[in-house]
Amino acid sequence: MDTSYPSKAYQVLNTVNSAVLGKKTETLEILTSFLANGHVLLEDIPGVGKTTLAIAFSKAMGLECKRVQFTPDVMPSDLTGFSVYRREQEKFVYQEGSIFCNILLADEINRTSPKTQSALLEVMEERKVSVDGVTREVPAPFLVIATQNPSGAAGTQLLPEAQIDRFMITLSLGYPDYNSELEIAKTAGAGTRTDVISPVITKEDFLTMQAQIHQIYIKDIVYDYILRLVTATRDHPLIEKGASPRATIALVKTSKAYAWLQGRNYVIPSDVTTQLPYVLFHRMTLSMTAKMNGNTRDEIVEDLIKKVPLPYLGASK
């Protein structure tokens, strides 16, 4: 593994953190997901810097970014593209949709129709689109940052469980801390913080980083630990529906990416437990008992970590 690439990844983080203030933990986790070739779901209120975050990442990594504001009238063809008859050419010509980019900010995804949601989530999974019988690959990398308004907000509808499972991780940016918001206030009106961002890596660098993640080693006993954590969600008394096998895959990939960012070529249990909340939160349906008792997802994940024994890495398995 070329050890220069993790340091380049931290150059990206430092650049993004110069534009998105006070969110170092969140930007690290988003980069972890990107390195693992996963999509991110942000459950947030408006105005906390989601667009700035997407633009900052795309500029720092030399990637193309597009933003789609999801409203009830956005059609699947707006995303996937469509064919238009050109009289001068005497044929139908394909017009690319918004998904043909490297980073797509899908803003307020739970405000649009289920049909449009499905069109996006299908491309997220397959990374290709079929229009008029022709299949086209989307650019590599293709990464989605989708935002979802809080449940119950006006004009929203919950994403189906099968669709929300397509996101590798979920998190919330939340409000900035006092000092960060003070700095934002002092620089308001002087242009945006992303205006001065220049690429610190190339698209080829990032694709190389993604390829290096696959080389990270996981011992069999750590694989066993990952699986025991995920399967423990399926018979937990406070969880109505546990995590799917896709959660196992996501936990493996994000644990590898996180270990790589720490400069290691192998995964340790703490990598797994660090990634566990981000991977599980949107994949757990709380039971009625949990809701009545006021149990939170954080508490349940902590309980899982306590109950599932840590592996002994000195074992021969």
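Heads up: these notes are all about the structure in this document. (Residues numbered from 1 in each chain as written. Predicted model: local features only at pLDDT ≥ 70, side-chain atom pairs only at ≥ 80, totals over all residues. Heavy atoms only, no water.)

Quick word on unusual backbone geometry
Using the following cut-off: Going along the chain from the N terminus, every DSSP run of H or I of four or more residues is numbered as a helix, and every run of E of two or more is numbered as a strand.
Note the cis peptide between A140 and P141, where omega equals 0 degrees. As for its placement among the helices and strands, P141 is situated in the loop between β7 (134-137) and β8 (143-148). Phi angles above zero are rare outside glycine, and N37 is one such case at about 65 degrees. Summarising the element assignment, N37 is placed in the loop between α2 (24-35) and β1 (40-43). Even without glycine at this site, R127 takes up a positive phi of about 55 degrees. By the element assignment, R127 lies in the loop between α5 (114-126) and β6 (128-131).

Section: the pairing of β6
Our working rule: Classification of residues uses two cut-offs on accessible area relative to the type maximum, computed with a 1.4 Å probe and protein chains only: under 20% is buried, over 50% is exposed, and between them is partly exposed. When DSSP finds two or more bridges between two strands, those strands count as paired.
Side chains V129 and V131 of β6 all project onto a buried face; the interleaved residues K128 and S130 project onto a face where none is buried. Sheet topology note: the β6/β7 ladder contains 4 bridges and is antiparallel. Directly across from K128, in β7, lies its bridge partner E137.

Observations regarding the sheet that holds β8
Put simply, the rule is: Every angle, taken between N-to-C directions, lies between 0 and 180 degrees, and every axis is a line fitted to C-alpha atoms, over only the stretch in contact when it is a helix.
If you walk across this open sheet you meet the 5 strands as β2-β5-β8-β1-β9, and the pairing is parallel. Pairing within the sheet leaves two strands with one partner each, and these edge strands are β2 (65-69) and β9 (169-171). Each neighbouring strand pair of the sheet contributes to a mean axis angle of 20 degrees, computed without reference to strand direction. As judged from the 4 bridges shared by β1 and β8, these two strands associate in the parallel manner. Looking across to β8, one finds that E43 is bridged to Q148.

Quick word on the pattern of salt bridges
Rules: For salt bridges, the criterion is a side-chain nitrogen of Lys or Arg within 4 Å of an Asp or Glu carboxyl oxygen.
Within the structure shown, the criterion is met by 10 salt bridges. Two residues, E125 and R246, come together in a salt bridge whose shortest N-O distance is 3.7 Å. Taken as a pair, E125 in helix α5 and R246 in helix α10 (residues 245-261) lie far apart in primary sequence, 121 residues in all. Looking at R246, the relative accessible area reads 29%, which means it is partly exposed. Measuring nitrogen to oxygen at the nearest pair gives 3.9 Å for the salt bridge that ties E137 to K128. You can call E137 exposed: its relative accessible area is 58%.

Thoughts on the nonpolar core
Side chains of a nonpolar character, in soluble globular proteins, are inclined to be buried together. How we decide: By nonpolar core is meant a set of buried Ala, Val, Leu, Ile, Met, Phe, Trp, Tyr and Cys residues that side-chain atoms within 4.5 Å join together.
If you look at the biggest cluster of nonpolar residues, it comprises 69 residues, and the most contacted ones within it are L31, F34, L35, F57, M61, F206 and W260. Broken down by element, this core gets its largest block of residues, 9 residues, from α10. Counting residues in each nonpolar core, the second largest holds 24 residues, with V123, V138, F142 and I164 among its members.

With respect to the pairing of strand β4 (residues 91-95)
Bridging between strand β3 (residues 82-86) and β4 involves 5 bridges; their strand directions are antiparallel. Residue pairing for β4: Y85 is matched across the bridge by F92. The hairpin turn running from β3 into β4, its antiparallel successor, is 4 residues long, and E90 in that turn takes a positive phi close to 55 degrees.

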